[in-house]
Amino acid sequence: MRFPLLQPRWLGIHLLGIVVMLGCFGLGYWQFVRAQEPSREVITNPVEELAAAVRLETVLEPGEYMGQDRANEAVRVTGTFDPDGQVVVPALSPEGDEGYSVVAPLVTADGAAVAVDRGWLPKAQVGADRVAPAPPGGEVTVTGWLRPPQGENTEGYSAMSVPEGEAERIAPAVLVNTWPYELYDGYVVLGEQAAAEPGGDAGGDGAAESAAAESGLRIVPPPDPPTGITWNARNLSYAAQWAVFGIAAIVFWVSLVRRELADRRAAAESGGATGGADGAQPSVVGAD
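Cut-off values and rules
Residues numbered from 1 in each chain as written. Predicted model: local features only at pLDDT ≥ 70, side-chain atom pairs only at ≥ 80, totals over all residues. Heavy atoms only, no water. Helix = DSSP H or I, 4+ residues; strand = E, 2+ residues; numbered from the N terminus. Buried < 20%, exposed > 50% of the residue type's maximum accessible area, 1.4 Å probe, protein only. Areas by Shrake-Rupley, 256 points an atom, 1.4 Å probe, with all protein chains shown as cover. Contact = heavy atoms within 4.5 Å. Expected span 1.5 Å × (residues − 1). Pairing = 2+ DSSP bridges. UniProt positions renumbered as here; feature names shortened; annotations may be inferred. Core = buried A, V, L, I, M, F, W, Y, C linked by side-chain atoms within 4.5 Å. Patch = residues over 30% accessible without salt bridge, like charges linked within 9 Å, V, L, I, M, F, W, Y side chains within 5 Å. Salt bridge = Lys/Arg side-chain N within 4 Å of Asp/Glu carboxyl O.

In the annotation of an unreviewed UniProt entry, the protein is listed under the name SURF1-like protein and assigned to Marinactinospora rubrisoli.

With that settled, consider the overall build of the protein. Along the backbone of the protein there are 5 helices and 7 strands. Put simply, the protein has 288 residues, and 37% of those count as buried. In the form shown here, the protein has an accessible surface area of approximately 16600 Å², with 58% of it arising from carbon and sulfur atoms.

Locating Pro-223 in the fold gives a position in the loop between helix 4 (205-214) and helix 5 (233-287). Separated by 151 residues in the primary sequence, Pro-223 and Asn-72 have C-alpha atoms spaced 9.3 Å apart. If we ignore the near neighbours within four places in the chain, the residues touching Pro-223 are Val-47 and Arg-147.

Moving on, we come to helix 1 (residues 8-34). Taking 1.5 Å per residue as the helical rise, helix 1 with its 27 residues ought to reach 39 Å, and the 39 Å between its terminal C-alpha atoms agrees with that figure. Within helix 1, burial applies to Trp-10, His-14, Gly-17, Met-21, Cys-24, Gly-28 and Gln-31.

Counting buried residues in strand 5 (residues 113-122) gives 9 out of 10 residues, a clear majority hidden from the surface. Two elements, strand 4 (residues 98-107) and strand 5, share 9 bridges in a ladder whose sense is antiparallel. The residue bridging Ser-101 from the neighbouring strand is Trp-120, located in strand 5. Linkage of strand 4 to strand 5, two consecutive antiparallel strands, is achieved through a turn of 5 residues, within which Gly-111 is found at a positive phi near 90°.

This brings us to the side chain of Ser-93. Within the fold, Ser-93 resides in the loop between strand 3 (87-92) and strand 4. By relative accessible area, which is 6% here, Ser-93 ends up buried. Not counting the four nearest positions on each side in its chain, Ser-93 is found in contact with Trp-120 and Arg-218.

Moving on, we get to the UniProt feature "transmembrane region" (unreviewed entry) in the protein. Sequence positions flagged by UniProt for "transmembrane region" (unreviewed entry) are, in local numbering, residues 12-32 and 239-257. End C-alpha atoms of residues 12-32 are separated by 30 Å, and the span's content is 100% helix alongside 0% strand. The span residues 239-257 is 100% helix and 0% strand, and its two end C-alpha atoms sit 27 Å from each other.

Grouped together as the largest cluster of nonpolar side chains are 19 residues, with contacts concentrated most on Leu-56, Phe-81, Leu-106, Val-114, Val-116, Val-142 and Leu-146. Secondary-structure elements contributing two or more residues to this core are strand 2 (74-81), strand 4, strand 5, strand 6 (139-147) and strand 7 (183-195). One finds Ala-53, Val-89, Ala-115 and Ala-167 within the second-largest nonpolar core, a separate group that totals 18 residues.

A surface patch of nonpolar side chains, amounting to about 490 Å² of accessible area, comprises Phe-25, Ile-247, Ile-250, Val-251, Trp-253 and Val-254. Broken down by element, the residue count for the nonpolar patch peaks at 5 residues, all from helix 5. By secondary structure assignment, the location of Trp-253 is in helix 5. Assessed through its relative accessible area of 30%, Trp-253 is described here as partly exposed.

The next thing to look at is the pattern of salt bridges. Inspection of every chain in the model, using the stated rule, returns 7 salt bridges. A salt bridge links Glu-57 to Arg-55; the nearest nitrogen and oxygen atoms lie 3.0 Å apart. A relative accessible area of 36% places Glu-57 in the partly exposed class. Of the charged contacts, one joins Glu-95 and Arg-218 as a salt bridge, the two residues approaching to 2.9 Å between their closest N and O atoms. Note that Glu-95 is positioned in the loop between strand 3 and strand 4 and Arg-218 in the loop between helix 4 and helix 5, a separation of 123 residues in sequence. Take Arg-218: its relative accessible area is 34%, and that puts it in the partly exposed class. Each of Arg-9, Glu-260 and Arg-264 takes part in one network of salt bridges that share partners.

What follows is the structure, encoded as structure tokens:
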């Protein structure tokens, strides 16, 4: 055959080689893109304005898993604080100072509770007895930002045992041992609070501002999500490995083609030499 590399067997090898090469380089490109994205533990949703707050029960149900895609949503929830359940949680201020987040359960009308991060206090103001300003009494409406449960990688978290009145982190897995309520997954960072009016809505903005100021706590909104590229070394190494696999597939395909052509060239040369010797024999017989 004039074109040996176009035989059906070789067409299958070419097609397989193309699929393998495209697959390797495609997966390598995908890992390269992933290497520029934040890890799944980093919240990338923008912080919503409190004016856009919706009722918490329309976003999340008690006990329902909260994904990262719901983080930083502005929510509003009405209930009554349980002052006996209030705890402090080690936390750093935006400037990096040591202190505590003051967290209390807000019990809703259906008996479930959501953890509310009421604000931050310096470590010196909390003291060894872990006493923080008590939450307001009566029914209140809290407006704030929904956040996922804190993990063990949270700044300020310590795996060591903590004294009474303190919790390791803001997470249902931890607080369920302290509070006798069905808990929402995640917690609300307080932005505003006010006495609830009939129907469950808050009062005016002035009431919300004064309630926050009288508590003596520093209201700390969630930080803005990262905007720069954070390279992930693991995904970058995966991208390099897939690129190596793709190059290896090309080298292997080229070596197969070269060996096939060399074998056919050698066979042709061997066949030509044999044909020449056989062609001389009939002339000798004819002479006889």
